[in-house]
Amino acid sequence: VTSTVREVTRDLMRQLGLTTVFGNPGTTEIGFLRDFPNDFRYVLGLQESIVVAMADGYAHASGRAVLVNLHSAGGVGHGLGHVFTAYRNNTPMIVLAGQQVRSLMPSEPFLGAMDATLFPRPYVKWAVEPARPQDVPAAVAHAHRVATQPPYGPVFVSVPADDWDAPCDPLPERPPVPGFGPDPDAIAGLVAALDAARRPALVVGPAVDAEGAVPDVVALAERARVGVWASPMSWRSSFPEDHPRFLGFLPPEERGVAEALRDHDLVVVLGAPAFLFHVYRGVADLPLPPLYLVSDDEQVLARARTGAGIRSGVRAAVRAVAGMVAEPTRPVPEGRVRRSVPAETTPIRVDWVFAMLAELVGEDMLLVEEVPSHLLVRREYLPVRASRTGLLSTGGGALGYGLPAAVGAALGSPDRKVVAVLGDGSSMYSIQGLWTAAREHLPVTFVILDNAQYAAVDILAGPENGKMPGVELGGIDFVALAGGMGLATHRVTRPDELKPAMTKALADDRPTLVHIRVDPNPTVLY
Ligand SMILES: Cc1ncc(C[n+]2csc(CCOP(=O)(O)OP(=O)(O)O)c2C)c(N)n1
């Protein structure tokens, strides 16, 4: 035996491309961090939920797996909200947590995590505390192989503090396990159904973009004359939102989905559950059209109440279908009609803000979005157009994701402008993420839409529930907060201040925050 657990693990991390580590350190992590090598990068987040969300944004923007280093027990606890997000976002993430030294564990020591592997469950695909110190590197390799096989997801490895100096043999290298393609007979059935359909539609979900399959889906939609819906609550953009074949966004509600799909005689759902709901307004009285579902996730296929499931990576399935469909004779479907640009008003309305942003931001920007009550307005006036990942948000609904995810995305995709549009409420869950943006000199533009409240909660509660407590925020000074963490800032309270502030912010190579006070009365589109 010539090496230590630390050396073998670091060699493995180099081999797997895990040399950018997101973390927040404590005594239980010293053994892992000691003499941190120069070819590694440690990105410090000032609270663990921020660390996990930054890593999530990094993984999705870079298309790579990511390693997170968290403090034992309480540090993991702080991070769990976004371990849930990573689970829902199918993020290939290895959470490496510290643990007290092995010999102290029977006495339930300070910082010690009892039953460490149970704490992150059920939102990890696999969790382990290796039986022996010398098993740590193999456990990390195992964790990586689980996280990076479909369906992707977070995994958890708890490492006692005294394991890192233990002697250990090197690990044999293994190539990554590739994704998988569809059953040929099943694809033949789907192609026959598509060829026979008069008014088919695709429903595209986050996995399309996650697999880099947007160009494949665009080619299929154009060639086969198929309209395309975005799946309910999709947290990525899997079809250009201004494309003539784009039909719109399915609502996260059963009756609305049935209503939107009523005129189609075939629906093919790609890389999304059928369907993800957020609210309940009763059971649909319309039947759904015949469905095909393509997903690499057996749970998604098992859960659906109707439809023929095909288990496959989305890109492989789309390519197989595209190679077989006949030249269609059906009419070309008509895409959705957009509303015209709204007028400038005082106080500033969010529809006008998004319309202005659509003029100012480049087509290739990466938009990180967390604007609960303005979601429909964003979609209407600021279409995401990029053919590579152009949108990131939370697939689970735990707020406080967007701000740190934008920081991680800027690290993961350094050649692109990252713009984060955030509610005042959403941004305050993880405002310290701004500090990391400043520390790492990341040219992110943070746009705070400040309506001084938790409007989404109030709106969803509706007037029938009376006055809700806990929904007034009443005006936070984001310029002061961001300035205190080292960001360039702009304050916008009048409409004429918006364009100059946004133009400067977008051109700035420093992290910049634009605080916009908007009309607290919601913009209702439907
Ligand atoms: C971690 C977490 N806590 C609470 C909520 C409930 N919640 C949903 S929307 C919302 C309001 C967010 O406020 P803001 O970002 O200002 O957006 P607005 O609703 O005003 O558009 C809250 C608190 C949540 N989704 N996640």
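(A) The pairing of strand β18 (residues 445-450), seen in detail. Counting buried positions along β18 gives six out of six residues, so the element sits mostly inside the fold. The alternating pattern of β18 places Thr445, Val447 and Leu449 and Phe446, Ile448 and Asp450 on opposite faces, both of which are buried. Pairing geometry for strand β17 (residues 418-423) and β18, over five bridges, is parallel. When the sheet's bridge partners are listed, Val421 is paired in β18 with Val447. Looking at chain direction, β18 and strand β20 (residues 512-517) are connected through six bridges and run parallel. Bridged to Phe446 within β20 is Leu513.

(B) Structural context of the site of the ligand. Inspection of the region around the ligand gives 17 residues, with Ser373, Asp424, Gly425, Ser426 and Ala456 positioned closest. Here an oxygen atom of the ligand sits 2.7 Å away from a polar atom, N or O, in the side chain of Asp424. Between the ligand and Gly425, the relevant distance is 2.8 Å, taken from an oxygen atom to a main-chain nitrogen or oxygen of the residue. Protein contacts shield 77% of the accessible area of the ligand, which totals 590 Å² for the unbound molecule. Put simply, the parts of the chain that give the shell around the ligand at least two residues each are α15 (424-428) and α17 (455-461).

(C) Highlighting the side chain of Asp450. Take Asp450: it is sitting in strand β18. A distance of 2.8 Å separates the side chain of Asp450 from the side chain of His515, its partner in a polar contact. For Asp450, the side chain forms a polar contact with the side chain of Arg517, separated by 2.8 Å. Apart from residues no more than four positions distant in its own chain, Asp450 is found in contact with Asp424, Ile476, Phe478, His515, Ile516, Arg517 and Val518.

(D) Looking closely at the side chain of Arg236. When you line up the elements, Arg236 lands in the loop between β10 (227-230) and β11 (246-249). In terms of polar contacts, Arg236 uses its side chain to reach the side chain of His60, at 2.7 Å. There is a polar contact of 2.8 Å between the side chain of Arg236 and the side chain of Thr389. When near neighbours in sequence (up to four residues on either side) are disregarded, Arg236 contacts His60, Pro206, Asp209, Ala210, Thr389 and Leu391.

(E) View of the sheet that holds strand β4 (residues 66-70). Strand order in the open sheet formed by six strands is β3-β2-β4-β5-β7-β6, and the pairing between neighbours is parallel. Each edge of the open sheet is held by one strand with a lone partner, namely β3 (41-44) and β6 (127-128). Along the sheet face, helix α5 (residues 136-147) touches β5 (93-99), β6 and β7 (155-160) and points at about 170° away from the line of β7.

(F) Looking closely at the sheet that holds strand β16 (residues 391-392). In space, the six strands of this open sheet follow the order β16-β15-β17-β18-β20-β19, with parallel pairing throughout. Of all the strands in the sheet, just β16 and β19 (488-492) have a single pairing partner and so form its edges. Along the sheet, helix α14 (residues 402-412) contacts β15 (366-370), β16, β17 and β18; its crossing angle with β17, the most-contacted strand, is approximately 175°.

(G) Expanded view of the packing of helix α3 (residues 48-62) against helix α4 (residues 74-88). Contact geometry of α3 with α4 gives a least axis separation of 7 Å together with a crossing angle of 30°. The orientation of α3 relative to α4 falls into the category roughly parallel. The element α3 and its partner α4 pack so that their crossing is right-handed. Residues Glu48, Ser49, Val52, Ala53 and Asp56 of α3 form the contact with α4, whose own contacting residues are Gly75, His78, Gly79, His82, Val83 and Ala86. Looking at the contact of α3 with α4 residue by residue, the classes come out as four nonpolar, five polar and two charged.

(H) Up close: the packing of aromatic side chains. Inspection of the entire model under this criterion finds eight aromatic pairs. Aromatic pair Tyr87 and Tyr123: ring centres 5.5 Å apart, planes at 70°, arrangement edge-to-face. Placement of Tyr87 in helix α4 and of Tyr123 in the loop between β5 and β6 is noted, with a sequence separation of 36 residues between them. Geometrically, the ring pair formed by Phe239 and Phe246 is stacked, given 6.3 Å between the ring centres and 20° between the ring planes. The class of Phe239 is buried, set by a relative accessible area of 2%. The structure contains a cluster of three or more aromatic residues connected by ring pairs, namely Phe36, Phe40 and Tyr42.

How each quantity is defined
- Residue indices follow the written sequence of each chain, beginning from 1 at its first position.
- In view of the model being predicted, local features appear only for residues whose pLDDT reaches at least 70, and side-chain atom pairs are presented and counted only at 80 or more, with totals across whole chains, interfaces and linings using the full set of residues.
- Hydrogen atoms and water are omitted, and side-chain values are computed over all heavy atoms in the structure.
- Only protein chains enter the accessibility calculation, which uses a 1.4 Å probe; a residue whose area is less than 20% of its type maximum is buried, one above 50% is exposed, and one in between is partly exposed.
- Strands are runs of DSSP state E lasting at least 2 residues, helices are runs of H or I lasting at least 4, and numbering of each runs from the N terminus.
- Any two strands are treated as partners once DSSP identifies two or more bridges connecting them.
- Throughout, the term near means that a residue has one or more heavy atoms lying within 4 Å of the molecule or strand in question.
- The term polar contact refers here to a pair of N or O atoms within 3.5 Å; inside protein, the definition further demands a hydrogen-donor-capable atom paired with an acceptor-capable atom, and it admits residues adjacent in sequence only when both atoms are side-chain atoms.
- Under the convention used here, a 1.4 Å probe and the Shrake-Rupley method define accessible areas, while residue burial counts only the protein chains that appear.
- Residue contacts are counted whenever heavy atoms from the two residues lie within 4.5 Å of one another.
- Axis definition: a line fit to C-alpha positions, over the contact stretch in the case of helices; interaxial angles, taken between N-to-C directions, run 0 to 180 degrees.
- The cut-offs work like this: below 35 degrees is roughly parallel, past 145 is roughly antiparallel, 65 to 115 is roughly perpendicular, and the gaps in between are oblique.
- Take the far helix as the reference: if the near one is turned anticlockwise from it by less than a right angle, the crossing is left-handed, and if turned clockwise, right-handed.
- Only Asp, Glu, Lys and Arg are considered charged in this grouping, and only Ala, Val, Leu, Ile, Met, Phe, Trp, Tyr, Cys and Pro are considered nonpolar; every other residue, Gly among them, is considered polar.
- Two rings belonging to Phe, Tyr or Trp (six-membered ring only in the last case) form a pair when the distance between their centres is within 6.5 Å. Interplanar angles under 30 degrees mark stacking, angles over 60 mark edge-to-face geometry, and anything in between is tilted.

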